[in-house]
Amino acid sequence: MLRSALLCSLFIVVGCKTGAEVRPTPQEPVFESTVAYCDETQKAISKDADLRASPYGIDQHVDKNFKDRKVSWLMTDSAYQKFIVQTGAKNFGRCNDSGCFLFAAPAATIQEAVAKSMVDGKHAPAVIGQALGLPAKNFEGTLRMMTLDLAASKTCARLPVDEDPGVWKCQTPEDTDCFKFGGYTSGGIPELMAINAPVEQATVTEVP
């Protein structure tokens, strides 16, 4: 019996059957920081944003809200055709000399909002708007839902800041549906700023 116990202790890495099979514990995938994919300009902006948000920076924000590193966002089909298809755009977002900037939320959050809004094969704009804390008019008509894997596409992402393209700043403390620093929309949905999100690596789904 002593010999059997010793053998079990020596070979536990491959399993020792003592009535129950030993199985390895599944491990979560290890991801690089999304800032690792940023250029020096965006790294500097991210560093300043993290200092402002300290002790809660982009890495903590992503680990908490974007565990699988997948993000989604919605566009009206008319905007998608005008700004992506007709221009042959390589990246999503509002562009300037330093890149293209896109607000994105956790893929699961956007996909759930869309799924819950579907009635008789069509989405209800008010339901999506309520779920995301945004005006229903933003979601009228046929939509396009984009989903992107930040890790697989090596897309730079950081906390959004006031100077980002497309930011509508709050004018008074009572304002809603406006940008407030911290990584969440006015409706409490986690968000991040993705820079140069590649069109060719995104999955695009039509939402009737």
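Check the entry above for the structure.
Residues numbered from 1 in each chain as written. Predicted model: local features only at pLDDT ≥ 70, side-chain atom pairs only at ≥ 80, totals over all residues. Heavy atoms only, no water.

By the element assignment, Ser153 lies in helix H7 (residues 150-153). Within polar-contact distance, the side chain of Ser153 engages the side chain of Thr155 at 2.7 Å. Not counting residues within four places of it along the chain, the set of residues in contact with Ser153 comprises Leu148, Pro198 and Gln201. (Helix = DSSP H or I, 4+ residues; strand = E, 2+ residues; numbered from the N terminus. Polar contact = N/O pair within 3.5 Å; in protein donor to acceptor, adjacent residues only side chain to side chain. Contact = heavy atoms within 4.5 Å.)

Looking now at the pairing of strand E3 (residues 99-106). Among the eight residues of E3, seven are classified as buried, and the element is accordingly described as predominantly covered. In terms of strand pairing, strand E1 (residues 70-76) meets E3 through two bridges, oriented antiparallel. Residue pairing in the sheet places Ser72 in a bridge with Ala105 of E3. Between the end of strand E2 (residues 94-96) and the start of E3, which pair antiparallel, lie two residues. Inspection of the sheet shows E3 paired to strand E8 (residues 192-195) by four bridges, in the antiparallel sense. Counterpart to Ala104 in the pairing with E8 is Leu192. (Buried < 20%, exposed > 50% of the residue type's maximum accessible area, 1.4 Å probe, protein only. Pairing = 2+ DSSP bridges.)

Each aromatic ring pair is described using two quantities: the centre-to-centre distance and the angle formed by the ring planes. Here the structure, examined in full by the defined rule, presents two aromatic pairs. Consider the rings of Trp73 and Phe92, whose centres lie 5.1 Å apart with planes at 75 degrees: the pair is edge-to-face. Of this pair, Trp73 sits in strand E1 while Phe92 sits in the loop between helix H4 (77-85) and E2; the two residues are 19 residues apart in sequence, bridging distant segments of the chain. Look at Phe92 and you get buried, because its relative accessible area is 1%. Seen from their ring centres, Phe103 and Phe179 are 6.3 Å apart, and the 55 degrees between their planes marks the pair as tilted. Of this pair, Phe103 sits in strand E3 while Phe179 sits in the loop between strand E7 (156-158) and E8, placing them 76 residues apart in sequence. Using a relative accessible area of 27% as the deciding quantity, one classes Phe103 as partly exposed. The ring of Phe181 carries the charged tip of Arg52 above its face, separated from the ring centre by 3.9 Å. (Phe/Tyr/Trp six-rings, centres within 6.5 Å; stacked < 30°, edge-to-face > 60°. Lys NZ or Arg CZ within 6 Å of the ring centre and 35° of its normal.)

Here the residue pair Ser54 and Pro55 is connected by a cis peptide bond, since its omega of 5 degrees sits within 30 degrees of zero. Within the element layout of this structure, Pro55 appears in the loop between helix H2 (40-53) and helix H3 (58-65). One non-glycine residue, Asp120, lies in the positive phi region at around 55 degrees. Along the chain, the position of Asp120 falls in the loop between strand E4 (118-119) and strand E5 (122-123). In this structure, Asn196 is a non-glycine residue whose phi angle is positive, near 60 degrees. Locating Asn196 in the fold gives a position in the loop between E8 and strand E9 (203-207).

Turning next to helix H6 (residues 125-132). By the burial criterion, the buried members of H6 are Ile128, Gly129 and Leu132. One side of H6 holds all its buried residues, which, seen down the axis, span an arc of 100 degrees. Contact partners of the buried residues in H6: E1, helix H5 (107-117), E5 and strand E6 (143-149). Just downstream of H6 lies Gly133, where phi reads positive at about 70 degrees. (Arc of directions from axis to C-beta.)

Our focus in this paragraph is the layout of surface pockets. For the largest pocket, the calculated volume is near 1300 Å³. Residue lining of the largest pocket: 37 residues in total, with Leu74, Arg94, Phe103, Asn138 and Gly166 positioned closest to the centre. Residue classes in the lining of the largest pocket are distributed as 26 nonpolar, eight polar and three charged. (1 Å grid on protein atoms, 1.4 Å probe; cavity = no way out; pocket = protein on both sides within 12 Å on 5 of 7 lines; lining within 4 Å. Points joined across faces, edges and corners; volume = space filled by probe spheres on them. Nonpolar A, V, L, I, M, F, W, Y, C, P; charged D, E, K, R; others polar.)

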